[in-house]
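Listed here are the chains, written in short residue letters.
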Amino acid sequence: MDASIFRTLAACAVALLLAAPSPVRAQKDCIACEQVKCLKNTLKQKVQLRDIYLGIADEFDPKGGPAWKPANITQFDKIPDAPTRNQRYRDTISLLEQYNQMEAERTGNVPAPEGCSAGATEVSTDSMMTCAIDTVQLAAAKAGANCKQLGDLIEQHERSHANACKARKAGKFWEYTAQVAGGETKSLWLPPQILTPAGKAREEAAGYGIEIAALETMVKDAESKCKTSFKGVKTSCTIPTPVGPVTMGQEISGESCGNPVAAQWTIHTVNVASGPGVIGTHRNADKPWYNDCVAKGSAEESRRAGILNGGAGLGRGWMCVYDEGDGQREPTITIRSFRLPQCSPSSEQAITVTAERSECDEDTPPQPQPDPANLPNS
Ligand SMILES: [Zn+2]
């Protein structure tokens, strides 16, 4: 008889390669703009892992007709005769070995989340005999987590295994017996309920489910700590006059805290004029005022562009458009300025600049009041 039968089954844990965690390090708060990238990629990774386990579960225990129920555990205490129980246990062990191989193959290629400085490390929790979390591994994984709450999630995940394991141990143990080398008989007392491979995979998927739900909230909370700002936008309108062209325009900058297309933007404008009759260049800074930015490609962008473009003068002005980019392309701000008909040219002027990202200011400065005269600004 294979001696592996007597091994306590090691549990969960996905090997995620990676550097050894630095021994002592103050844990950062995950709810910060600088964590957004790591959190988003961690979320993506956990979804990928959950789906892998759901796929494994389906292979071991395919969904059947309407009466189908998931076969997550075998109730050995309900099997009355010893030979059947013993055989069923041996079958379970050999299926679990297939499971372990499948798990290693499929999760081994899942890359570490980009943007996280240290990697997660493997943590095992015994799923049958002791239900113990490997505390040394857990401590290392928590210390190596990019920020504190990510470490806490690893612990929550492991606790979900430990708790489920304890529940399976509730009840009367049964004696497994087998022949071992030398013709001896060995026995082992086993819990009343033991996970099937499908049950193991589903428990794993559920553990990742806990992490995914928490991460979705964390991503939103961390994004709300991001300051988005832009500067360097210059709009201009040149009006021909009998004595020569007069050029007027605005230098525009702004910042917001939180979701750039939902948050209020504080806008700074400097009005600039030059030309005949203007001595030098006049620069006149407005008081900071509020505006918003719309999402690039949104219905609201089209709606506002239609209004600003259609106005015969009064309705003209500019609007702010935010493009979040994609992992590769940086987010940008575009100021779309719909110039007055008197301007030459009077076509739309669109100026795109990179949106800078940083942490929101710790102490929020006194908020400027909206200036109705500037809505929409022209
Ligand atoms: Zn797990």
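Here, the structure is the one placed above.
Definitions and limits used
Residues numbered from 1 in each chain as written. Predicted model: local features only at pLDDT ≥ 70, side-chain atom pairs only at ≥ 80, totals over all residues. Axes fitted to C-alpha atoms, helices over the stretch in contact; angles between N-to-C directions. Helix = DSSP H or I, 4+ residues; strand = E, 2+ residues; numbered from the N terminus. Parallel < 35°, antiparallel > 145°, perpendicular 65-115°, else oblique. Contact = placed C-beta atoms within 7 Å. Nonpolar A, V, L, I, M, F, W, Y, C, P; charged D, E, K, R; others polar. Buried ≥ 20, exposed ≤ 12 C-beta atoms within 10 Å, placed from the backbone. Pairing = 2+ DSSP bridges. Expected span 1.5 Å × (residues − 1).

Participant: Whenever I open this one, the packing of helix 3 (residues 135–144) against helix 4 (residues 148–169) confuses me. Can you help?
Facilitator: When two helices pack together, their arrangement is given by the angle between their axes and by how far apart the axes lie. One can describe the packing of helix 3 onto helix 4 by two numbers: an axis separation of 7 Å at closest approach and a directional angle of 150 degrees. Comparing their axes, helix 4 and helix 3 come out roughly antiparallel. Residue-level inspection shows Leu-138, Ala-141 and Lys-142 of helix 3 in contact with helix 4, the latter providing Gly-151, Ile-154, Glu-155 and Glu-158. When its residues are assigned to classes, the contact of helix 3 with helix 4 shows three nonpolar, one polar and three charged.

Participant: It is not clear to me how the pairing of strand 3 (residues 185–190) should be interpreted in this structure. Could you clarify?
Facilitator: On any regular strand, side chains alternate: one points to one face of the sheet, the next to the other face. In terms of burial, strand 3 is largely open, as just zero of its six residues are buried. In the sheet, strand 2 (residues 174–179) pairs with strand 3 via six bridges, with the strands oriented antiparallel. Directly across from Thr-177, in strand 3, lies its bridge partner Ser-187. With antiparallel pairing between neighbouring strands as the criterion, strand 2 and strand 3 make up a hairpin whose turn holds five residues, including Gly-182 at a positive phi of roughly 90 degrees.

Participant: Before we go on, may I ask you to explain helix 2 (residues 82–107) in this structure?
Facilitator: Three or four residues apart is the spacing at which side chains of an α-helix point the same way, because the helix has 3.6 residues per turn. The end-to-end C-alpha distance of helix 2, which contains 26 residues, comes to 37 Å, matching closely the 38 Å that a straight helix rising 1.5 Å per residue would cover. Taken as a whole, helix 2 has its buried residues at Arg-85, Tyr-89, Leu-96, Tyr-99 and Glu-103.

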